[in-house]
Structures are given as structure tokens and as C-alpha cells.
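Inside the fold
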Amino acid sequence: MTIPYRPALAGLEPYGAPQLDVPVTLNVNENPYSPSEEMIADIAAAVADASRTLNRYPDRDFTALRADLADYLAAESGVRLDPQQVWAANGSNEVMLHILLAFAGPGRTVMSFTPTYSMYVEYARDTFSQWETLPRKDDFSLDLDALPRELARVRPAVILLASPNNPTGTALSTHELTAVLEAARGNGPSDAAGSDCLVVIDEAYGEFRRDGVPSALELLADHDNLAVSRTMSKAFGAAGLRLGYLGAAQALIDQLRIVRLPYHLSAVTQAAARAALRHSTIQLAQIAALRDGRDMIVQRLHSLGLETAPTDANFVMFGTFPDRSEIFSRVLERGVLIREVGPAGWLRVSVGTPDENEAFFNALEEAMR
Ligand SMILES: *Cc1c(COP(=O)(O)O)cnc(C)c1O
């Protein structure tokens, strides 16, 4: 060893679900439909246009893209944000990193509720932040009774909370969201006496929520300790684009501008994302079909005698199996890749096309024999 790798990183494996070349991949919650021909043509033209000025650095404040994202959020959730209240980066993963760079760090704690997204702990590690978790209840909802006491004990700088949660699919009600935001008041880190915890609601799967389930965007106007993260990777069907974004108070967004790398969103990304957003009506139309696919998957899993976690997302966590690795491998041998994730005994499957869902059930039934 001649170069000084950080001891905390020694022996770690890079994050990532297996990327295997199999006929049916239902493991990372992507939208199974490729973009429409119209969207492809529009992106190609927009990228060609952006290429004419590639000798110049891009708009580092991506003003036009932020306005388009604000329009999209207004259409999707009914909440109209000022473009200055919107931030974006290369995937919501990078948005989260910006948040922790600005609000967490050495001596401060990031908190979440397990089981949850396995990347959160890595953002905490990479920003030299402490990491603390509270367990969810048996039905994967939050233990609201314990929350005020636990927040007063931990004093987290940032709470990362996915709704719908991954891998369980659990969405938060308005009552739960409000309870977390209220418990966060005054319980910010002790080096910033009297501060509130920043609550980040990760709505990567927000578009899949059931009718009547709120978006946390609705609470932004009344809570300046709230930030709501979204992504084009899931419902929007553009995981390859790498575009995640955030709605929050303008003051918070301005604080994120300090820690971003200069020109972090390339001119090509900005152009492609804006072109893709022009096709949001058609992209959003697929969501109804994917929701129906989810509900069908839940029913069929039940008819096989399996349990499912209640889900507002485009995936279903199901089980339980005495040996889930065995089921996972046997499903994979039949050409269907799902995900071995979540509490012991559970597996997760993403909603695919009707044919992919059928292939999954055929494989699962054989695997369970
Ligand atoms: C998939 C996922 C994301 C998306 O990350 P991107 O970087 O935007 O692709 C964010 N949060 C959760 C909980 C996810 O499952």
C-alpha cells in the first residue's frame, strides 16, 4: 500500500444492483417502456442544437430547466413553485449529496428509518457525517410516538425519509408527514442551537402514489425545514438521463449552490431533460398502466399464498421465504432478475410490461414448487 486510501473505505465494494444480461430485468424499479419515437427525435434535435455551443460552459444555474421542472411539478402535484425553489443535479443521488455537503458533515448526524434505501448510508459516509437509524414498525410505518423523544436524543441535522419508501413501498400520510416536520422543530444539531432538523422527503416514486395520498410538496409553503426530492429515473422513464431535482425554500436552494461542482449539469443533460419534459403528458399516461400492473402483481402474489407490503410505488416487496436467496436464484435461472433486498425473508419485484410480469409469475411459480 503506497497511497493513503481512507481507512473508512478500505475493503468496501462499490454500490450497485447486479447488472446482468437476462431477458427480464425487474430489479431496479425502472419504467419498462422505452421513450416514444417523438421524444427520441425531440431529444436528438435538442442535443444537436446544444452541441453548437459546446465550446462554451453551460448555464451553471440551468435557469430554463428549473422553470420547466417547476411547470412539471405544478402539473403533476398541483403545487406551483417558483423556479428559484427548484434545484437539479445528475440524479437525485447527487441532489442528496449536495444536501448533506451543505447541512450535514463532520460532527453532525444524518438519520433515516429502516428498512430503507441502501444509498443513504453511503451519502453519510462520503460526507463524513454520522449515521443513525430508527426501525420502522412491523407494518413498515413510522413509530410516531417515539419520534419526538428520539429526535431530541439524536439531534440529527438531516432526516432522509423516502415516501413511497424503498424497498417497502410504504407512503407517508399527511398526518405522518406533519408529525415528522413538527418533531423536527428545535431538534437540529447541537452546534446550531435552536435549529430545526432538515427533513428531506425522497419522492423518487411520488408519481405512483395512490389517489388521495399527498405529495410532501403540498407542505412546502408552511415548512421551511422541508425539502422534497424527485427524479426522472423512475415514473418518467429516463433513468439513463441522470436527472434528479428538489423543491424547497429558495434560501435553501441558494445554500446548495455553494457546494455544487461548477457546471455540474452539462449542456447536453440540460437540453435532453428539457426536451424529455415536453413529452411529460405521454410519459405520465403510462403511469396508470404501471399502477394497474402493480395492483395485479399484489393480487397474484396473494393468490400464491404470499404476503406483500402495502405499496404506493412501482414495485412490490413480497415474502416471506425461509431461504430467499434460493428463490431469487431459481427465478434468475428462469431468466428473470428481481432483487434480494429488505428484511430477512423478503424479495422485491419491479412492475414490468404485462409480458414481463407474466414471465415473472411463471418463473416464481416454478421456483416455489
Ligand atoms: C431509485 C431511487 C432514487 C433515484 O436515484 P436517481 O439518482 O435519481 O436515479 C432515489 N431514491 C430512492 C429511494 C430510489 O429508490
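To be clear, the structure that these remarks concern was listed above.
The structure presented is a predicted model; accordingly, all values stated were derived computationally and were not measured.

**Let's talk about the overall build of the protein**
If you tally the helices and strands in the protein, you get eleven helices and twelve strands. Reported as C-alpha extents along the three principal axes, the dimensions of the protein are approximately 55 × 55 × 55 Å. Within the protein, the proportion of its 369 residues that are buried is 54%. Look at the contacts in the protein between residues 6 or more apart in sequence, and 73% of them connect residues 24 or more apart. Summed over all atoms, the accessible surface of the protein reaches about 16400 Å², with 52% contributed by carbon and sulfur. Each charge class in the protein can be summarised by its mean position, and for the 32 positive and 47 negative side chains these summaries are 4 Å apart.

**Overview of the packing of helix α3 (residues 92–103) against helix α7 (residues 250–259)**
The contact between α3 and α7 brings their axes to 9 Å, and the two run at 90°. Overall, the two elements α3 and α7 adopt an arrangement that is roughly perpendicular. For the pair α3 and α7, the contacting residues are His98, Ile99, Leu101, Ala102 and Phe103 in the first and Leu252, Gln255, Leu256 and Val259 in the second. Residues that form the contact of α3 with α7 fall into these classes: seven nonpolar, two polar and no charged.

**A look at the layout of surface pockets**
Estimated volume of the largest pocket: approximately 770 Å³. Along the walls of the largest pocket sit 36 residues, with Tyr15, Val28, Tyr117, Lys234 and Arg339 positioned nearest its centre. Mapped by element, the contributors of at least two residues to the lining of the largest pocket are α3 and α4 (120–126). Considering each element in turn, the lining of the largest pocket owes the most residues, three residues, to α3. Taken together, domain 1 (17–33 + 286–367) and domain 2 (39–280) each give at least three residues to the lining of the largest pocket, which thus spans both. Taken as a whole, the second largest pocket encloses approximately 320 Å³ of empty space.

**Structural notes on the packing of aromatic side chains**
In total, this model carries ten aromatic pairs according to the counting rule given. Geometrically, the ring pair formed by Tyr117 and Tyr120 is edge-to-face, given 5.4 Å between the ring centres and 85° between the ring planes. Since its relative accessible area comes to 18%, Tyr117 is described here as buried. Since its relative accessible area comes to 0%, Tyr120 is described here as buried. Taking 6.0 Å as the distance between ring centres and 55° as the angle between the ring planes, the aromatic pair formed by Tyr120 and Tyr123 counts as tilted. Residue Tyr120 and its partner Tyr123 are located together in helix α4, separated by three residues, close to a single helical turn.

What counts, and at which threshold
- Residues numbered from 1 in each chain as written.
- Predicted model: local features only at pLDDT ≥ 70, side-chain atom pairs only at ≥ 80, totals over all residues.
- Heavy atoms only, no water.
- Helix = DSSP H or I, 4+ residues; strand = E, 2+ residues; numbered from the N terminus.
- Buried < 20%, exposed > 50% of the residue type's maximum accessible area, 1.4 Å probe, protein only.
- Contact = heavy atoms within 4.5 Å.
- Areas by Shrake-Rupley, 256 points an atom, 1.4 Å probe, with all protein chains shown as cover.
- Lys, Arg positive; Asp, Glu negative; His and termini not counted.
- Charge placed at Lys NZ, Arg CZ, Asp CG, Glu CD.
- Axes fitted to C-alpha atoms, helices over the stretch in contact; angles between N-to-C directions.
- Parallel < 35°, antiparallel > 145°, perpendicular 65-115°, else oblique.
- Nonpolar A, V, L, I, M, F, W, Y, C, P; charged D, E, K, R; others polar.
- 1 Å grid on protein atoms, 1.4 Å probe; cavity = no way out; pocket = protein on both sides within 12 Å on 5 of 7 lines; lining within 4 Å.
- Points joined across faces, edges and corners; volume = space filled by probe spheres on them.
- Domains from an automatic or database assignment.
- Phe/Tyr/Trp six-rings, centres within 6.5 Å; stacked < 30°, edge-to-face > 60°.

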